[in-house]
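Examination of the molecular architecture
Residues per chain are reported as follows:
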Amino acid sequence: MFKRVTDWIRRRAPARFFEAFQIEVTSRCSVRCEMCPRSVLADRWPEVDLPWQSFQRIARAFDRVEHVHLQGWGEPLLHPRLFDMIALAKGAGCRVGLTTNGMGLDRDTGKRLLDLNLNLLAVSIAGATRETHERIRVHSNFALILEQVRQFLNLRAGRVGGRTKVELSYLMATTNIAELPQAVELATSLGVDELYAINLDYLVTPTHGDLRVFGRSRERDGFARIVEEARARARRAGLAFRAYPLDLDEVAVCEAHPTKILFVSCEGWVSPCTYLSLPGQSEIPRWFEGKPVTVPAMRFGNIQDRDLMEIWEDRGYQEFRERFATRCLGLATRAFAAFSGGESGDAKMVPPPEACRTCYKLYGV
């Protein structure tokens, strides 16, 4: 028995340090969404594909990461070497996923993604009806997207072995949240594995501020009832469903988890997340708490010039991550003190990096 256990330990793949690499393979897109920075910054938005050579340089570190997600501010299915990218990451033992607007998910594309054993396919929608979705995601075709998702699921059903998880990502806004319960019925009828409702949490203009559903005291109860109705319908249908919070509550480290996840832009820049790196922009415009804010883009090096792990060890990048590590430790200390009856249970967390203080991700939505 002891020999079997030790042999099993030796055979086990060592735990990988990184949870995920998020890689923006292109800044190009086939639709124009009213909430996307591509629309607001259209006059200075570059159309860039991540070079294959840059992706190969990133791939040198794939043995250190669990999941590679091909998503940024563009549509990944437009990259001419997307399938090669998936194959390279899968060959390194990574789980691989992507998020798409669904317009390019034709039969041949679906077959190739299944052939590559893609682990996760997330399709973004912004309504449960054609009128609502196409008003928000301009130049998209809602009926075509739904038909192609059905087709992909039918193709998947005919496969033996690996299984690609299929999710619908529903963007919640004031103009479409009423259709969220209906979206549950739609997701159930399609046969997807999960529906999740996300917040519009990167705001650039006052109009974007008007579209957000979180942090709105007057409408909060009404929005919450809609989310709960969607959750109840999902429970009855046996559909996995999750919705992001409607209330602002500062967290020690945001969902982007910059201590274990990194982002590489289509231009090759390595950053903590997509919210700190927009293609072609040296500054990040935001609309936060009713005011315009600008923060410098946070880039610690370019993969075309330096090795990814060398960039990760850059002193400035380390200091950025250490701030979040300290916040997490402080939160644990506060929780322990509160549990044990100590006096430091209400102590404040260390402030986050300056660039993160006006990012809604830091407030749990």
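Residues numbered from 1 in each chain as written. Predicted model: local features only at pLDDT ≥ 70, side-chain atom pairs only at ≥ 80, totals over all residues. Heavy atoms only, no water.

**Some words on the packing of aromatic side chains**
For the structure shown, the criterion picks out 17 aromatic pairs. Between Trp73 and Tyr202, the aromatic rings sit 5.7 Å apart at their centres with planes inclined by 50°, giving tilted as the arrangement. Of the two residues, Trp73 is situated in the loop between β3 (65-70) and α4 (82-91) and Tyr202 in the loop between β8 (194-199) and α9 (206-211); the sequence distance between them amounts to 129 residues. Grouping residues by exposure puts Trp73 and Tyr202 together as buried. Seen in terms of ring centroids, Trp73 and Tyr275 are 6.2 Å apart; in terms of plane orientation they differ by 75°. Their pairing is edge-to-face. Of the two residues, Trp73 is situated in the loop between β3 and α4 and Tyr275 in the loop between β11 (270-271) and β12 (283-288); the sequence distance between them amounts to 202 residues. Accessibility classification places Trp73 together with Tyr275 in one group, the buried group. Geometry around Trp52 places Arg81 over its ring, the cationic atom sitting 4.1 Å from the centre. The ring of Tyr317 carries Arg321 above its face, with NZ or CZ at 4.8 Å from the centroid. (Phe/Tyr/Trp six-rings, centres within 6.5 Å; stacked < 30°, edge-to-face > 60°. Helix = DSSP H or I, 4+ residues; strand = E, 2+ residues; numbered from the N terminus. Buried < 20%, exposed > 50% of the residue type's maximum accessible area, 1.4 Å probe, protein only. Lys NZ or Arg CZ within 6 Å of the ring centre and 35° of its normal.)

**Concerning the sheet that holds β3**
The sheet built from nine strands is open, its strands ordered β9-β8-β7-β5-β4-β3-β1-β10-β11 with mixed pairing. The open sheet has two edge strands with one neighbour each: β9 (240-243) and β11. Both strand β4 (residues 95-100) and strand β5 (residues 120-125) contribute to a ladder of four bridges, which runs parallel. Across the sheet, residue Thr99 finds its bridge partner in β5, namely Ala122. (Pairing = 2+ DSSP bridges.)

**Details of the layout of surface pockets**
Where empty space is left becomes clear once a probe the size of a water molecule has been rolled over the atoms. The volume enclosed by the largest pocket comes to roughly 1,300 Å³. As for the largest pocket, its lining consists of 44 residues, of which Gln22, Gln71, Thr99, Ile198 and Tyr275 are closest to the centre. For the lining of the largest pocket, the secondary structure elements donating two or more residues are β1 (18-23), α2 (37-40), β3, β4, β5, β7 (165-172), β8 and β10 (261-264). (1 Å grid on protein atoms, 1.4 Å probe; cavity = no way out; pocket = protein on both sides within 12 Å on 5 of 7 lines; lining within 4 Å. Points joined across faces, edges and corners; volume = space filled by probe spheres on them.)

**Examining empty space enclosed by the protein**
For the structure shown, the criterion picks out two cavities of 30 Å³ or more. Around the largest cavity, the lining comprises 13 residues; the ones closest to its centre are Cys254, Cys273, Leu276, Cys356 and Cys359. Classifying every residue of the lining of the largest cavity gives 12 nonpolar, no polar and one charged. Taken as a whole, the second largest cavity spans an internal volume of roughly 50 Å³. Around the second largest cavity, the lining residues are Asp201, Tyr202, Leu203, Tyr275, Arg286, Trp287, Thr358, Cys359 and Tyr360. (Nonpolar A, V, L, I, M, F, W, Y, C, P; charged D, E, K, R; others polar.)

**Focus on helix α10 (residues 220-237)**
The end-to-end C-alpha distance of α10 is 26 Å, a good match for the 26 Å that 18 residues give at a rise of 1.5 Å each. Here the buried face of α10 lies against β7, α8 (180-190) and β9. Among the residues trailing α10, Gly238 stands out with phi positive, at a value near 75°. (Expected span 1.5 Å × (residues − 1). Contact = heavy atoms within 4.5 Å.)

**A few points about the side chain of Ser27**
Looking at the secondary structure, you find Ser27 in the loop between β1 and β2 (32-33). A polar contact of 2.8 Å, which involves the side chain of Ser27, links it to the backbone nitrogen of Val48. Those residues within four positions of Ser27 in sequence are excluded, and the remaining contacts are Arg38, Trp45, Pro46, Glu47, Val48, Trp73, Gly74, Cys266 and Pro279. (Polar contact = N/O pair within 3.5 Å; in protein donor to acceptor, adjacent residues only side chain to side chain.)

**Topic: the pattern of salt bridges**
If the charged atoms of two oppositely charged side chains come close together, the side chains can form a pair. Per the stated rule, a full pass over the model turns up 27 salt bridges. Of the charged contacts in the structure, one is a salt bridge between Glu131 and Arg130, with a shortest N-O distance of 3.2 Å. Given a relative accessible area of 45%, Glu131 falls into the partly exposed group. Residue Arg130 is classed as partly exposed on the basis of its relative accessible area, which comes to 44%. (Salt bridge = Lys/Arg side-chain N within 4 Å of Asp/Glu carboxyl O.)

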